[in-house]
Amino acid sequence: LLYGKFVSFTFFKMKVDEKLLSYIKNIQSEHLIFNDCVFNDSILNFNNKHILYLELNSCNIKRIGTSIRRIKQLKALSIRSSNIELLPNWIFKLKKLNLLDLTENPISNLDKVLRKNSQLKHLKLQSNDLEYEDVSRIPCMLTGLVSLQIRSNNFNCDEFKRRHDTSKYEFS
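Calculation notes
- Residues numbered from 1 in each chain as written.
- Predicted model: local features only at pLDDT ≥ 70, side-chain atom pairs only at ≥ 80, totals over all residues.
- Heavy atoms only, no water.
- Helix = DSSP H or I, 4+ residues; strand = E, 2+ residues; numbered from the N terminus.
- Buried < 20%, exposed > 50% of the residue type's maximum accessible area, 1.4 Å probe, protein only.
- Contact = heavy atoms within 4.5 Å.
- Phe/Tyr/Trp six-rings, centres within 6.5 Å; stacked < 30°, edge-to-face > 60°.
- 1 Å grid on protein atoms, 1.4 Å probe; cavity = no way out; pocket = protein on both sides within 12 Å on 5 of 7 lines; lining within 4 Å.
- Points joined across faces, edges and corners; volume = space filled by probe spheres on them.
- Nonpolar A, V, L, I, M, F, W, Y, C, P; charged D, E, K, R; others polar.
- Patch = residues over 30% accessible without salt bridge, like charges linked within 9 Å, V, L, I, M, F, W, Y side chains within 5 Å.
- Areas by Shrake-Rupley, 256 points an atom, 1.4 Å probe, with all protein chains shown as cover.
- Salt bridge = Lys/Arg side-chain N within 4 Å of Asp/Glu carboxyl O.
- Lys, Arg positive; Asp, Glu negative; His and termini not counted.
- Charge placed at Lys NZ, Arg CZ, Asp CG, Glu CD.
- Core = buried A, V, L, I, M, F, W, Y, C linked by side-chain atoms within 4.5 Å.

The next point concerns the overall build of the protein chain. The helix and strand tally for the protein chain stands at four helices and 12 strands. Within the protein chain, the proportion of its 172 residues that are buried is 47%. Of the contacts made within the protein chain by residues no fewer than 6 positions apart, 34% connect residues no fewer than 24 positions apart.

A few words on the packing of aromatic side chains. Counted by the stated rule, this structure contains three aromatic pairs. Measuring from centroid to centroid gives 6.3 Å for Y132 and F160, while their planes differ by 70°, and the two rings are edge-to-face. Highlighted residues: Y132 in helix 2 (residues 132–135) and F160 in helix 4 (residues 157–163), separated in sequence by 28 residues. As far as the burial class goes, Y132 and F160 line up, both buried. Joined through ring pairs, the aromatic side chains of Y132, F155, F160 and F171 make up one cluster.

Vacant regions in the atomic arrangement are exposed by a probe of water-molecule size rolled over the atoms. Considered as a void within the structure, the largest pocket measures approximately 160 Å³ in volume. Along the walls of the largest pocket sit R69, I71, K72, Q73, L74, W90, K93, L94, K95, K96 and L97, which together make up its complete lining. Looking at the lining of the largest pocket residue by residue, the class counts come to five nonpolar, one polar and five charged.

Moving on, we come to a negative patch on the surface. Negative charge collects at one region of the surface, where E85, D129, E131 and E133 lie side by side. As for its position among the elements, E133 is in helix 2. We classify E133 as exposed; its relative accessible area is 55%.

This part is about the pattern of salt bridges. All chains considered together, the criterion is met by three salt bridges. Between R80 and D101 there is a salt bridge, with the nearest N and O atoms lying 2.8 Å from each other. Placement of R80 in the loop between strand 8 (76–78) and strand 9 (99–101) and of D101 in strand 9 is noted, with a sequence separation of 21 residues between them. When the shortest N-O distance is used, the salt bridge between R163 and E159 registers 3.3 Å. Linking R163 with E159, this pair stays in helix 4, spanning four residues, or about one helical turn.

On to the environment of R151, then. Tracing the chain through its elements places R151 in the loop between strand 11 (147–149) and helix 4. For R151 and L130, which are 21 residues apart along the polypeptide, the C-alpha to C-alpha distance reads 9.8 Å. Every residue in contact with R151, bar those within four places of it in the chain, is listed here: L125, Q126, S127, C157, K161 and S172.

Time to look at the nonpolar core. The nonpolar side chains of a soluble globular protein tend to be buried with one another. Membership of the largest hydrophobic core comes to 43 residues, with the highest contact counts inside it found for L54, L77, L87, F92, L123 and I138. Taken together, the elements giving at least two residues each to this core come down to strand 3 (27–35), strand 6 (53–57), helix 2, helix 3 (138–141) and helix 4. Ignoring sequence-local partners within four residues, the contact set of F92 consists of L87, L100, V113, L114, R115, K116, N117, L120, L123 and L142.

A contiguous patch of positive charge, built from R69, K72, K93 and K95, is present on the exposed surface. Its place among the elements puts K93 in the loop between strand 8 and strand 9. You can call K93 partly exposed: its relative accessible area is 45%.

Following this line, the structure appears as structure tokens:
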């Protein structure tokens, strides 16, 4: 079993199964990183409540398991270059989350999951399959944004700029 307190703990190019996840559930790490790992069933089911920053990049995850919801102190979640198509309806309800990076996933709909949130500061949704209608409500729902990245989706960002005041946050 892995116990202890680490500033950062990284797993790279390995198979992650329930057994490994049970071994690391007691790690007290501020930053836990999985890069190019394979998760069983392509479903993220994570049970570590101590994490502040969680990165799961290029891990072929298809769905975000409800266990992420139990990480009450989570400040940043990055699931880049995976296969996330649908987001759970609670993703924008995480109270401490201030960075959500879902770049390069086949996400095609935000309508059912977008909720009012003033804590989220940085949202990265570049290179997904989103339409203008999917992102049009972001400014009024995510009132604390300072950075919004939505380029390389299925709409022209200039249309978004024409319809919304993007001067209050970094926009790309």
